[in-house]
Amino acid sequence: MPTYKAPIDEVMFLLNDVFRIERHNNLPGFSDATPDVVEAILTEGAKLSEGVLLPLNQSGDRDGCVRNADASVTTPNGFRDAYRLYAEGGWVGISGDPAYGGQGLPQAIGAIINEFCTSANMAFTMYPGLTKSAFSALLAHGSDEQKQTYVPKLIAGEWLGTMNLTEPQCGTDLGLLRTKAVPQPDGSYAITGQKIFISAGEHDLTPNIIHLVLARIEGAPAGTKGISLFIVPKMMVNPDGSLGARNSVSCGSIEHKMGIHGNATCVMNYDGATGWLVGEPNKGLNAMFVMMNEARLGVANQGLAQSEVAYQNAAAYAKERLQGRSISGRKAEDKVADPIIVHPDVRRMLLTIRAFNEAARALLMSTAIEVDLAHQAGDKALAQRAEDRLGLMTPILKGVFTDLGFDNCVLAQQVLGGHGYVAEWGMEQFVRDARIAMIYEGANGIQALDLVGRKLPKDGGRAFMSFMSEVAQTLESVKDDAELTFDVKAMKQGLDRLQQATLWFMQNAMAKPDNAGAGSTDYMHLFGLVALGHMWLLMCKAALVAKAEGRGDPARWASKLAVGRFFMERMLPETGTRLARITAGADAVMAMPAEAF
């Protein structure tokens, strides 16, 4: 059976040494997040993930969900009890608005708890996963009555939420949406249509499920300009907050899919269901994008989380599995063979995963801090910079973390050899579960196009220039540190390649848009490598300070510096390949006629 240990020490290092979150104690929630309090919260989150959720991961995958004759859905054995503990622990609303019952802790703390739980059991953690996005959308665009009716229940975890966008004929292109909304005399709408691929669309974890549904009001304009957002509860809510009759929404079927079997991915049928408009008519995408952007950061977290649990199990296996002798001479004289950790190629695979995991966790945490700054910073310039950074980094995190998270699960599976291919060891489940993250909440090719086509040129490239300036400042701060000479040189080269790629798009994409499309995925990954490298500079700098001050275990700081060096030597040079592909343009990609495929 797979094992998992929440990386609490890593998180505390990032919070206290790398990002020094005490700098933000002037913001709501941060002053309460003292190191002792945070460590206590993380310890409890670790207990939940390791002791409650992990033991249900394989059984949940094996048993899956069952749709019953009455269209209800039964989740895998143990999920209901686990969710009760999850909700009672206040984990759903850990970063929620205290005015509605949330704990109000920094978004970074919520993101880390989400990582722990997702590493332990991704399918389970998806049930409450979209609820935070749902109450964020309602807080941003809902009426006061809607906020009071739904948000406290969602934050408390008494009810869970979903996001209903996709239909059989439309996924990315929401302008093709057909679900209709007919106005009713009482101000509500009758919602009719079918939605597919709805995560946690029906289940037995909570008595009510609050669906946020995109639909088109009768007579609305065609395309995305005519889309509105509606609250459609599974159970009607009475004026006193109690539950009333069942609404006309039901689960038509559960998708049979590659992974995340423990989560009910549903086809949802709306047969004149009662719904209430959120925000203004025909402005539904504005509200839904609040939910989608948060969900994309959550999906990025899934890529990291699966990569982390896969790494932990692969590293443990490599230190125990005896196979062959080291090519440089036997290492375990008292054993019949050496553990495979002695082999350079096994180390290459493990270090590739670990170097990503540690930098990705830092980048995710940094981005989560930006969420709080964007919403709560009193300084308008600081809030704007944070908003810019969020917009720029969201597609990068979603695309790069999930691409590499899946690749890393495959690498970890390779470390186990044949044992990685059979169910007993758990690796094949990590591979299957990780695969969906590259697809949903906007397939990664769409994330790359969003980055190049929208986020990069937005506001004259203001967010990009801010990022480049910040990395340049970090490089300046470590330029005289002898132990980081190579790292600085490598990062300068990576940063230069990112700038070259950006300038190439500026010069070649306007006249020929296919150049941007052909190079967008490579650009997203080039940018991601530079952003991860920036995190490694910050972590190595902090490790050297801790080492000089005699804090912590010297071996830990030595390992940190070694993994950082591996990233700079073996992973960051990929920016050169990405740049070459980008500047090759679109000719080879677009040369063949469609019928030749």
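Scroll up to find the structure.
Not measured: the values here are computed from a predicted model.

Caption draft 1: Looking closely at unusual backbone geometry. One non-glycine residue, Ile260, adopts positive backbone phi at about 40°. Mapped onto the elements, Ile260 comes out in the loop between β10 (249-254) and β11 (265-278). Even without a glycine there, the phi angle at Asp459 is positive, about 55°. By the element assignment, Asp459 lies in the loop between α12 (444-455) and α13 (462-478). Given a relative accessible area of 42%, Asp459 falls into the partly exposed group.

Caption draft 2: Quick look at the environment of Ser328. Residue position: Ser328 is located in the loop between α8 (284-320) and α9 (344-376). On the basis of relative accessibility, which here comes to 58%, the residue Ser328 falls in the exposed class. In this structure the C-alpha to C-alpha distance between Ser328 and Ile436, which are 108 residues apart in sequence, comes to 41 Å. Within the local environment of Ser328, its side chain forms a polar contact with the side chain of Ser326, the two groups lying 2.9 Å apart.

Caption draft 3: Expanded view of the nonpolar core. Phe19 and Tyr523 are the most contacted members of the largest nonpolar core, which totals 162 residues. Ranked by residues supplied to this core, first place goes to helix α15 (residues 513-548) with 19 residues. Excluding its chain neighbours within four sequence positions, the residues that come into contact with Tyr523 are Leu451, Val452, Leu456, Phe464, Leu498, Ala501, Thr502, Phe505 and Ile582. Among the nonpolar cores identified, the runner-up in size contains 29 residues, and Leu138, Leu177, Val278 and Met288 belong to it.

Caption draft 4: Looking closely at the pattern of salt bridges. If you walk through the whole model with that rule in mind, you get 37 salt bridges. With a shortest N-O distance of 2.9 Å, Lys234 and Glu202 are connected by a salt bridge. Taken together, the residues Lys234 in the loop between β7 (228-233) and β8 (235-237) and Glu202 in the loop between β5 (189-199) and β6 (209-217) connect sequence positions 32 residues apart. The residues Lys234 and Glu202 share a single accessibility class, namely buried. Between Lys547 and Glu483 there is a salt bridge; the shortest N-O distance is 3.7 Å.

Caption draft 5: Up close: the side chain of Glu441. By the secondary structure assignment, Glu441 is in the loop between α11 (427-435) and α12. Buried and unpaired, Glu441 has no salt bridge, with Arg296 as the nearest side chain of opposite charge at 5.4 Å. Beyond its immediate chain neighbours, meaning those up to four positions away, Glu441 contacts Leu130, Met163, Ala295, Arg296, Val299, Lys398 and Gln447.

Caption draft 6: Just helix α1 (residues 8-18), in detail. Of all eleven residues that make up α1, eight are buried, and the element is covered over most of its length. Every buried residue of α1 is listed here: Ile8, Glu10, Val11, Met12, Phe13, Leu14, Leu15 and Val18. Those residues of α1 that are buried are in contact with α2 (35-53), α5 (107-120), α9, α15 and α16 (554-571). A positive backbone phi angle near 45° is found at Arg20, which sits one or two residues after α1.

Caption draft 7: Geometry of the environment of Ser520. With respect to the secondary-structure elements, Ser520 resides in helix α15. For the pair Ser520 and Ala295, spaced 225 residues apart in sequence, the C-alpha separation works out to 22 Å. When residues no more than four places from it in sequence are discounted, the contact partners of Ser520 are Ala448, Leu449, Val452 and Phe505.

Caption draft 8: Looking closely at the packing of helix α10 (residues 380-415) against α12. For the pair α10 and α12, the least separation of the axes is 9 Å and the interaxial angle reads 155°. Judged by the angle between their axes, α10 and α12 are roughly antiparallel. The interaxial crossing formed by α10 with α12 has left-handed handedness. Contacts between α10 and α12 involve Gly391, Leu392, Pro395, Ile396, Lys398, Gly399, Thr402 and Asp403 from the former and Asn444, Gln447, Asp450, Leu451 and Lys455 from the latter.

Caption draft 9: Structural view of the packing of aromatic side chains. With the rule as written, the count across this model stands at 14 aromatic pairs. Look at Phe79 and Phe124: their rings are 5.6 Å apart centre to centre, the planes differ by 75°, and that puts the pair in the edge-to-face class. In this pair, Phe79 is assigned in helix α4 (residues 79-88) and Phe124 in helix α6 (residues 122-141), connecting sequence segments 45 residues apart. Each member of the pair, Phe79 as well as Phe124, is classed as buried. Seen in terms of ring centroids, Tyr83 and Tyr86 are 6.2 Å apart; in terms of plane orientation they differ by 20°. Their pairing is stacked.

Cut-offs applied
- Residues numbered from 1 in each chain as written.
- Predicted model: local features only at pLDDT ≥ 70, side-chain atom pairs only at ≥ 80, totals over all residues.
- Heavy atoms only, no water.
- Helix = DSSP H or I, 4+ residues; strand = E, 2+ residues; numbered from the N terminus.
- Buried < 20%, exposed > 50% of the residue type's maximum accessible area, 1.4 Å probe, protein only.
- Polar contact = N/O pair within 3.5 Å; in protein donor to acceptor, adjacent residues only side chain to side chain.
- Core = buried A, V, L, I, M, F, W, Y, C linked by side-chain atoms within 4.5 Å.
- Contact = heavy atoms within 4.5 Å.
- Salt bridge = Lys/Arg side-chain N within 4 Å of Asp/Glu carboxyl O.
- Lys, Arg positive; Asp, Glu negative; His and termini not counted.
- Axes fitted to C-alpha atoms, helices over the stretch in contact; angles between N-to-C directions.
- Parallel < 35°, antiparallel > 145°, perpendicular 65-115°, else oblique.
- Left-handed = near helix turned anticlockwise from the far one by under 90°.
- Phe/Tyr/Trp six-rings, centres within 6.5 Å; stacked < 30°, edge-to-face > 60°.

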